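The lines below spell out each chain.
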Amino acid sequence: ELLDGALPVGELRLPRPDELHALRYMVLDFKLHSEMNGALSSLEEIVQRGDLEVLNVIVLVKDEEGRLGFVGISDFSLTGSTPTPLGLDFRALKGGLQHLLQHYPNESFVMVILMKREMVRGLANALEHLNIAYDVLDMDTVLAAMKEAKTSELTKGAAPEAAST
């Protein structure tokens, strides 16, 4: 299992499963870098005003073949969130997101915002005011996609061995 409860790891406290499942990812995509930067600035302003609590924002880019590339993580949390979302393995998260975001257009920027479930409505209202479309992913969906991506990766790596026996 990814997380067994609240365990101290240095200064990082991993969330209990009930805390983890109360989180949501909001996903936005942008064709132009300038559109994405404008949305990021608006989001930062909303958070700084105290209207919204965001744990972190991951910015990815989809290349012409649809592969995700990591651009960066912005930590808007005033409480100092973890550098990677909740201490999850970023490579596994990226694999899960690759699967979940396959319907987003190639050659676009994708912003993935991690937040508590109760903050989703407030951000949705702000995004609708800015005419920005979004999707909401619950943590169970993200964790299942991460597991599926990891299983697929292990199966791909094991396939040549299976063929030779």
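Because the structure is predicted, anything quoted here is derived from the model rather than measured.

What follows is about the sheet that holds strand β6 (residues 108-116). As a general point, the strands of a sheet are linked pairwise by backbone hydrogen bonds and lie either parallel or antiparallel. Here we have five strands laid out as an open sheet, ordered β5-β4-β6-β3-β7, and antiparallel in their pairing. Of all the strands in the sheet, just β5 (68-74) and β7 (135-138) have a single pairing partner and so form its edges. Strand-to-strand, the axes of this sheet are offset by a mean angle of 25 degrees, without reference to chain direction. Sheet topology note: the strand β4 (residues 54-62)/β6 ladder contains eight bridges and is antiparallel. Looking at β6, one finds that asparagine 56 is bridged to leucine 114.

Per-residue confidence for the chain averages 79 on the pLDDT scale, and 76% of its residues sit at or above 70. Note that residues 78-85 has pLDDT below 50 and, in this model, 17 contacts with residues that lie over four places away or in other chains.

Further remarks concern unusual backbone geometry. One non-glycine residue, glutamate 107, lies in positive phi territory at about 55 degrees. Locating glutamate 107 in the fold gives a position in the loop between α3 (90-100) and β6. Positive phi, close to 60 degrees, is recorded for asparagine 131, a residue that is not glycine. Tracing the chain through its elements places asparagine 131 in the loop between α4 (120-129) and β7.

Here we come to the environment of histidine 33. Note that histidine 33 resides in helix α2 (residues 33-49). Residue class for histidine 33 comes out partly exposed when judged on its relative accessible area of 42%. Remark: the alpha-carbon pair of histidine 33 and valine 61, spanning 28 residues in sequence, is separated by 9.6 Å.

A word on the nonpolar core. In terms of nonpolar packing, the biggest core is built from 24 residues, with Tyr25, Leu60, Leu93, Leu101, Val112, Met139 and Val142 touching the most fellow members. Elements with a contribution of two residues or more to this core: β3 (23-30), β4, α3, β6 and α5 (139-164). When neighbours within four sequence positions are excluded, valine 142 is seen to be in contact with Tyr25, Leu93, Leu100 and Leu137. Counting 23 residues, the second-largest nonpolar core is a separate cluster that includes Met36, Leu43, Leu52 and Ala124.

A few words now on α2. The end-to-end C-alpha distance of α2, which contains 17 residues, comes to 24 Å, matching closely the 24 Å that a straight helix rising 1.5 Å per residue would cover. Where the residues of α2 are buried, they touch β3, β4, β5, β6 and α4. With its phi angle positive at about 90 degrees, glycine 50 sits one or two positions after the end of α2.

Our next topic: the pattern of salt bridges. Following the criterion strictly, the structure yields five salt bridges and no others. We note a salt bridge from aspartate 63 to arginine 67, for which the minimum N-O separation is 3.0 Å. Judged by its relative accessible area of 45%, arginine 67 is partly exposed. One salt bridge connects arginine 67 with glutamate 65, and the closest N-O pair in it is separated by 2.6 Å. Overall, the relative accessible area of 56% leaves glutamate 65 in the exposed class. Via salt bridges that share partners, Glu45, Arg49 and Asp51 belong to a single interconnected network.

This part is about α3. Every buried residue of α3 is listed here: Phe90, Ala92, Leu93, Gly96, Leu97 and Leu100. Summarising the axial view, the buried residues of α3 lie within an arc of 155 degrees, below the 170-degree limit, and thus occupy one face.

Conventions used here
Residues numbered from 1 in each chain as written. Predicted model: local features only at pLDDT ≥ 70, side-chain atom pairs only at ≥ 80, totals over all residues. Heavy atoms only, no water. Pairing = 2+ DSSP bridges. Helix = DSSP H or I, 4+ residues; strand = E, 2+ residues; numbered from the N terminus. Axes fitted to C-alpha atoms, helices over the stretch in contact; angles between N-to-C directions. pLDDT = per-residue confidence, 0-100. Contact = heavy atoms within 4.5 Å. Buried < 20%, exposed > 50% of the residue type's maximum accessible area, 1.4 Å probe, protein only. Core = buried A, V, L, I, M, F, W, Y, C linked by side-chain atoms within 4.5 Å. Expected span 1.5 Å × (residues − 1). Salt bridge = Lys/Arg side-chain N within 4 Å of Asp/Glu carboxyl O. Arc of directions from axis to C-beta.

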